[in-house]
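Next come the chains, spelled out residue by residue.
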Amino acid sequence: MSSLARFSLRNRAFVGLSTVIVAIFGFVSLTSLKLELIPSLELPVMAVVTTDPGSSPEVVDQQITEPVETAVRAISGVAGTNATSSSGVSTVLVELDYGTDLGQARQDLTNRLNGPAAGLPDGVSPEVFAGSVDDFPVIQLSVASDDDLSTLSASVQDEVVPVLSDLDGVREVTVSGAPTQQVRIVPDQAALAAAGLDAQSIGTALENNGSLVPAGALTEGDSTLTVQVGTQFSDVEDLTALPVVGAQQPTTLGQVAEVSLDDAAASSISRTDGRPSISIGITKTPDGNTVDISHQVQDVFGDIESAVGNGASVDVVFDQAPFIEKSVEDLTVEGALGLVFAIVVILIFLLSLRSTLVTAISIPLSLLLAFIGLYVGGYSLNILTLGALTVAIGRVVDDSIVVIENIKRHLSYGTAKFEAIVTGVKEVAGAITSATLATAAVFLPIAVVGGQVGELFRPFALTVSLALLASLVVALTIVPVIAGWFLKPVEQPKTMEEIEDEERDGFLQRLYLPVLHRTNAHPVITLVVAVAILAGTVALSPLMKTNFLGDTGQNTVAITQELDPGASLARQDEAATQVEEALADVDGVETVQTTVGSGEGIMAIAGSSDASFSVTTDEDADQEAVQGRIREAIDGLEDVGRVNLDASGGFGSSLDVVVTADDPETLEEAGDQVLGAVQDIDGAQDVTSNASGEQPIVSVTLDQAAAAQAGLDESALAGIVASALQPVPLGTVVLDGERRDAVLAMGEVPQGVDALRQTPLAEGVTLGQIANVEEVLVPTTVTRLDGDRSITVSTTPESDDLGSVTSALQSAVDGLDLPDGAEATIGGVAADQDEAFAQLGLALLLAVLIVYLIMVGTFRSLIQPLILLVSIPFAATGSIGLLVATGIPLGVPSLIGMLMLIGIVVTNAIVLIDLVNQYRERGLDAREAVEEGARHRLRPILMTSLATIGALTPMAFGLTGGSAFISQPLAIVVIGGLITSTLLTLVLVPVLYLLVERLRDRLARRRQSGSVTAAI
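Note that the coordinates shown come from a computational prediction; the quantities given were computed from them, not determined experimentally. (Residues numbered from 1 in each chain as written. Predicted model: local features only at pLDDT ≥ 70, side-chain atom pairs only at ≥ 80, totals over all residues. Heavy atoms only, no water.)

### Topic: the overall build of the protein chain
- Scanning the protein chain from terminus to terminus reveals 35 helices and 28 strands.
- Sequence separation of 24 or more characterises 80% of the internal contacts of the protein chain that already satisfy a separation of 6 or more.
- A distance of 27 Å separates the average location of the 48 positive side-chain charges in the protein chain from that of its 124 negative side-chain charges. (Helix = DSSP H or I, 4+ residues; strand = E, 2+ residues; numbered from the N terminus. Contact = heavy atoms within 4.5 Å. Lys, Arg positive; Asp, Glu negative; His and termini not counted. Charge placed at Lys NZ, Arg CZ, Asp CG, Glu CD.)

### Some remarks on the nonpolar core
- The biggest cluster of nonpolar side chains holds 175 residues, and the ones touching the most others in it are Phe443, Phe457, Val892 and Ile896.
- The greatest single-element share of this core, amounting to 19 residues, is contributed by helix H33 (residues 892-921).
- Mapping this core onto the domain boundaries places at least three of its residues in each of domain 1 (1-32 + 352-504) and domain 5 (506-543 + 861-1008).
- Apart from residues lying up to four places away in sequence, phenylalanine 457 is in contact with Leu384, Ile446, Leu549, Val892, Pro893, Ile896 and Ile966.
- Residues Val297, Ile304, Ala312 and Val314 belong to the second largest nonpolar core, which totals 23 residues. (Core = buried A, V, L, I, M, F, W, Y, C linked by side-chain atoms within 4.5 Å. Buried < 20%, exposed > 50% of the residue type's maximum accessible area, 1.4 Å probe, protein only. Domains from an automatic or database assignment.)

### Re empty space enclosed by the protein
- A complete count under the given rule lists four cavities of 30 Å³ or more for this structure.
- In this model, the largest cavity occupies a volume close to 60 Å³.
- Every residue along the wall of the largest cavity is listed here: Asp398, Asp399, Val402, Thr907, Asn908, Val911, Pro940, Ile941 and Thr944.
- Where the lining of the largest cavity is concerned, the elements lending two or more residues are helix H16 (398-412), H33 and helix H34 (926-957).
- Of the residues that constitute the lining of the largest cavity, the class distribution is four nonpolar, three polar and two charged. (1 Å grid on protein atoms, 1.4 Å probe; cavity = no way out; pocket = protein on both sides within 12 Å on 5 of 7 lines; lining within 4 Å. Points joined across faces, edges and corners; volume = space filled by probe spheres on them. Nonpolar A, V, L, I, M, F, W, Y, C, P; charged D, E, K, R; others polar.)

### Thoughts on a nonpolar patch on the surface
- A cluster of nonpolar residues, Val333, Leu337, Val340, Phe341, Val344 and Ile348, forms a patch on the protein surface that exposes about 460 Å² of accessible area.
- Positionally, valine 340 belongs in helix H12 (residues 320-350). (Patch = residues over 30% accessible without salt bridge, like charges linked within 9 Å, V, L, I, M, F, W, Y side chains within 5 Å. Areas by Shrake-Rupley, 256 points an atom, 1.4 Å probe, with all protein chains shown as cover. Salt bridge = Lys/Arg side-chain N within 4 Å of Asp/Glu carboxyl O.)

### Topic: the side chain of serine 145
- In this structure, serine 145 sits in the loop between strand S5 (139-144) and helix H5 (149-165).
- Classification of serine 145 by relative accessible area gives buried; the value is 7%.
- Within the structure, serine 145 has its side chain in polar contact with the backbone nitrogen of aspartate 147 (distance 3.2 Å). (Polar contact = N/O pair within 3.5 Å; in protein donor to acceptor, adjacent residues only side chain to side chain.)

### Looking at the pattern of salt bridges
- In total, this model carries 16 salt bridges according to the counting rule given.
- Among the salt bridges present, the one from arginine 939 reaches glutamate 405, with a minimum N-O distance of 3.2 Å. Taken together, the residues span a long stretch of sequence, with arginine 939 in helix H34 and glutamate 405 in helix H16 at a distance of 534 residues.
- With a relative accessible area of 27%, arginine 939 lands in the partly exposed category.
- Where glutamate 997 meets arginine 1000, a salt bridge forms, and the shortest distance between an N and an O atom there is 3.3 Å. Placement of the pair is glutamate 997 and arginine 1000 together in helix H35 (residues 964-1015), with a separation of three residues, close to one helical turn.
- Of the residues examined, arginine 1000 reaches a relative accessible area of 35% and is grouped as partly exposed.
- One continuous salt-bridge network, built from bridges that share partners, spans Glu58, Asp61, Glu66, Arg784 and Arg789.

### Points about the packing of aromatic side chains
- The full count for this structure, using the stated rule, is two aromatic pairs.
- For the pair phenylalanine 7 and phenylalanine 14, a centre-to-centre distance of 6.4 Å together with 75° between the ring planes defines the contact as edge-to-face.
- For phenylalanine 14, a relative accessible area of 52% puts it in the exposed group.
- Pairing phenylalanine 457 with phenylalanine 460 gives two aromatic rings, centres 5.9 Å apart and planes at 70°, and the pair type is edge-to-face. With phenylalanine 457 and phenylalanine 460 both in helix H18 (residues 451-486) and three residues apart, this pair spans about one turn of that helix. The exposure classification of phenylalanine 457 matches that of phenylalanine 460, with both residues buried. (Phe/Tyr/Trp six-rings, centres within 6.5 Å; stacked < 30°, edge-to-face > 60°.)

### Focus on the domain arrangement of the protein chain
- Annotation of the protein chain at the domain level lists domain 1 (1-32 + 352-504), domain 2 (45-131), domain 3 (135-180 + 266-322), domain 4 (182-263 + 694-779) and domain 5 (506-543 + 861-1008).
- Measuring from the centre of the C-alpha atoms in domain 2 to the corresponding centre in domain 5 gives 55 Å.

### Here we look at the packing of helix H15 (residues 383-396) against H34
- Relative orientation of the contacting elements H15 and H34 amounts to 160°, with a least axis distance of 7 Å. In this view, H15 runs roughly antiparallel relative to H34, as classed from their interaxial angle. Crossing of H15 over H34 shows right-handed handedness. Contact residues: H15 offers Thr390, Val391, Ile393, Gly394 and Arg395, while H34 offers Ala947, Thr948, Ala951, Leu952 and Met955.
- Of the residues that constitute the contact of H15 with H34, the class distribution is six nonpolar, three polar and one charged. (Axes fitted to C-alpha atoms, helices over the stretch in contact; angles between N-to-C directions. Parallel < 35°, antiparallel > 145°, perpendicular 65-115°, else oblique. Left-handed = near helix turned anticlockwise from the far one by under 90°.)

### As for the side chain of threonine 65
- Take threonine 65: it is sitting in helix H3 (residues 57-73).
- Taking the relative accessible area as the measure of exposure, threonine 65 reaches 0% and is therefore buried.
- Within the structure, threonine 65 has its side chain in polar contact with the side chain of serine 85 (distance 2.5 Å).

### Digging into helix H13 (residues 353-360)
- Residues Ser355, Thr356, Val358, Thr359 and Ala360 constitute the buried set of H13.
- In this structure, the buried residues of H13 make contact with H12, helix H14 (362-376), H16 and H18.

### Concerning a positive patch on the surface
- A contiguous patch of positive charge on the surface is contributed by Arg927, Arg998, Arg1002, Arg1005 and Arg1006.
- Ranked by the residues each element gives to the positive patch, the list is headed by H35, at four residues.
- Along the polypeptide, arginine 1005 turns up in helix H35.

### A look at the confidence of the model for the protein chain
- Of all residues in the protein chain, 93% attain a pLDDT of 70 or more, and the chain-wide mean is 81.
- Segment residues 600-609: pLDDT under 50, and 25 contacts once partners within four positions in sequence are set aside and those in other chains are kept. (pLDDT = per-residue confidence, 0-100.)

### A few points about the packing of H13 against H16
- At a minimum axis separation of 9 Å, H13 and H16 run at an interaxial angle of 145°. Crossing handedness for the pair H13 and H16: right-handed. Two secondary-structure elements touch here, H13 through Ser355, Val358 and Thr359 and H16 through Ser400, Ile401, Ile404 and Lys408.

### A word on helix H26 (residues 714-725)
- Between the first and last C-alpha of H26 there are 16 Å, a value that for twelve residues agrees with the 16 Å anticipated at 1.5 Å per step.
- When we look at burial in H26, the residues that qualify are Leu717, Val721, Ser723 and Ala724. In an axial view of H26, the angular spread of the buried residues amounts to 165°, which keeps them on one side of the axis. (Expected span 1.5 Å × (residues − 1). Arc of directions from axis to C-beta.)

### Description of the pairing of strand S26 (residues 782-785)
- Across four bridges, strand S2 (residues 78-86) lies against S26 in antiparallel orientation. Bridging across to S26, asparagine 82 finds its partner in leucine 785.
- Following S26, the chain reverses through two residues before pairing antiparallel with strand S27 (residues 788-797); aspartate 786 in that reversal takes a positive phi of roughly 55°. (Pairing = 2+ DSSP bridges.)

### Structural notes on the environment of leucine 840
- Considering the arrangement of structural elements, one finds leucine 840 in helix H30 (residues 829-859).
- Taking the C-alpha atoms as reference points, leucine 840 and isoleucine 896, 56 residues apart in sequence, are found 7.8 Å from one another.
- In contact with leucine 840, not counting residues within four places along its chain, are Ile446, Val449, Val453, Val892, Leu895 and Ile896.

### A look at the environment of valine 490
- Structurally, the position occupied by valine 490 is in the loop between H18 and helix H19 (496-505).
- Those residues within four positions of valine 490 in sequence are excluded, and the remaining contacts are Leu411 and Ser412.

### Considering unusual backbone geometry
- Not every positive phi belongs to a glycine, and aspartate 639 is a case in point at roughly 60°.
- Structurally, the position occupied by aspartate 639 is in the loop between helix H23 (623-635) and strand S17 (642-646).
- One non-glycine residue with positive phi stands out, namely aspartate 786, at about 55°.
- Residue position: aspartate 786 is located in the loop between S26 and S27.

### Examining the environment of glycine 230
- Mapped onto the elements, glycine 230 comes out in the loop between strand S9 (223-229) and helix H8 (236-240).
- A C-alpha to C-alpha distance of 10.0 Å links glycine 230 and alanine 215, two positions 15 residues apart in sequence.
- Beyond its immediate sequence surroundings of up to four residues, glycine 230 is in contact with Ser211 and Leu212.

Have a look at this one:
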């Protein structure tokens, strides 16, 4: 590798110009990178939502959910299903294996559900939803005014949506919360009978009219003209004038029915800070920049309010951009502080401003090269890739430190500048190449980590690897050239003996050499102490907290409210208003977006008796304190049902116990036991169960004999009752170019069970005379996990120690005497943590093997690399100790830090043993070679370690808080590991090296003695 330095020195102009070009391209790439919150992920999840108004949960489960699950099991790549059947709604969440083609899976499932083999009831149309992170809105707005919602909705659709859709990077603008209008037709039964018509005649008239039908083409002269037949309705008056075919005399629709354009019955209510509002979601294109889109949207706020008018106001319910910008700013500040700390460390050791600047230039150049790699690879700048660059700042300077320190050593001997640079680089090129490759290669096992963790941290791993490899190239090419320009030869060179004497008299070597001599003289005691330290590490392990990913620190809080089964929309609204008012009074809460009830389609997943609140807090406030005040405000409310708070930032924080059983009664009993056990656990809060009891429904049981006398059967009776309770869909009508639903309403809807009994069926016959009409209790929901009936009990850990709560939960579940046939398992974030820890543990082992392989290639020995690997367990000593001391939990970011640490800690050992081997090749015995190599590598080892520690210190303290949930635990792990591994590397590695060499010499002497004896 030293040939690169020689080439660079002979082509300094080329290298200098290349450096400038790289810097320019790096800055261009940096400004061209998209800014996002997290890397773009394709979520391997589909949701199948099927609505069947009026169906009970049991009917939905049997007639819809089970056939849907059967269809799901027939497609490939399915990891599991989670189904919920509630009144009128079936929701089946399908989890796919990562790497499954989501588009193809969605198409396969849609085809199966729409085919006759699906076995679904007539008139039921399942909707399949799937998407990626990019399908979620990057900014959510709320528009309110003094107008009614219908007028406001029209203004938003006509004035706001076109403005937002035209912004650069916007893919789609969706509007929700707007009332929908439908054509309502109320027949006059007497007029229909007099005209010889029935209700079916009205549906036939609408179906056969009001649409444009292509009829072909005709030729007139030189022109070909298309022919269309029919005309569309322009308003309600056109509908009332529609002739109804089949009447005894010419009759229009308006003569036999009342036709009107009305708002459909609301299934949800939307408010912002107490005012009725319309929600607007804005999603970006794959190439869109989240921050740029947010700024563009905010720039048109004034135009939107003016266009809507009448006291209109626009509020931001959710916006990723401020958090992204704050993370970028904070991590940039922490990176800059780390850069300063690293430079200060180098300056203190080198005592030369020129040498320090030459070394420090490797940091920006390495980062700029990494930016180019990110841009070429199509990656974005997000909290993970930016955090990776910030973490890498301390490591990318290491190679340059070793190179410059060695060049300066040779210059101090009076060696000519060119020769000093070439020799200095040659001596360390192999060591720094191996060390850097080892550090970068430890991230290769991330490829075997699946699930959410693997998808999230692969860009992180790639970014660090790019920066490290770039630092190696800079150290071997650019740094030697700049050193040739800026470093000056020593004016009065000293002899090597004088320099060696000065080094031995220096503070560091006077402190280090006596320790080295004592440990080498007493290797057994040294090893015993080392083993004791490892034993202490094991003893500390139970004191560590553990978590999964931690809180992102975003200033948004999601709150859900669940009421008793069967609550009406008015009751939901009343309870939600109490919560809404309490939230508005909390210090630090800026905006409260409220949604009461459930919408259609994908929004039906939330359930029909839920209210949800999206709370935006002051971004400068202490988020944990604000969340605490929110909990206090909610806990003080009465008669508001169950209210839960989630501030996990999208990575999930729910700890679940899944109870399964075939028998519903057994399932309910087991679920109650688990719920009670979870509620008694210390540290568990917001305990909920999706088995929320029973709800009343009205059961209509036909008296077959009485019905037969009236000429009715169950099918006919069901149709009559359905038409009495809810409008009968007649399809769609194109009205003034807009497609609207048309419904047939059969008069006043019965109010109450008694009124339903009085519903007329035929002349002189009411429903109560031929059927038993009564209220009965049925399960509110029926849930299934992978096809088995289940109940899920969920809780949110009160502290950041997920591990202790999980252990307590597991002990509580294991101590339950569940009924026969019931089973309870821990899931949710605990299962995610277990899976991630297991996969990252495997990645750590693979990383050790990769590092070992690289070192075997470097030293051409199987034994010496094993000596170097001793640094790794002692790195864990410092990491665990510092995690325990700071109270930072061991989570996925910490394990990524451990992975990174494996490569970093062997760097020092490689640099040390490489020089020791060089001294052995020059004829020194093992003890002399170890002493000379150790004392010569003392300064660069301390410099690189302290520079890395200094660069990571701002992140470890979380000075700005930017992406602290990733960078802080990672920095803590690396700093703690570096402290112990560096100290023990300088002491224990020489001891082990000497022991191995002595053993090797002893075996060699025995073999030689045996050969001599045989010869005699």
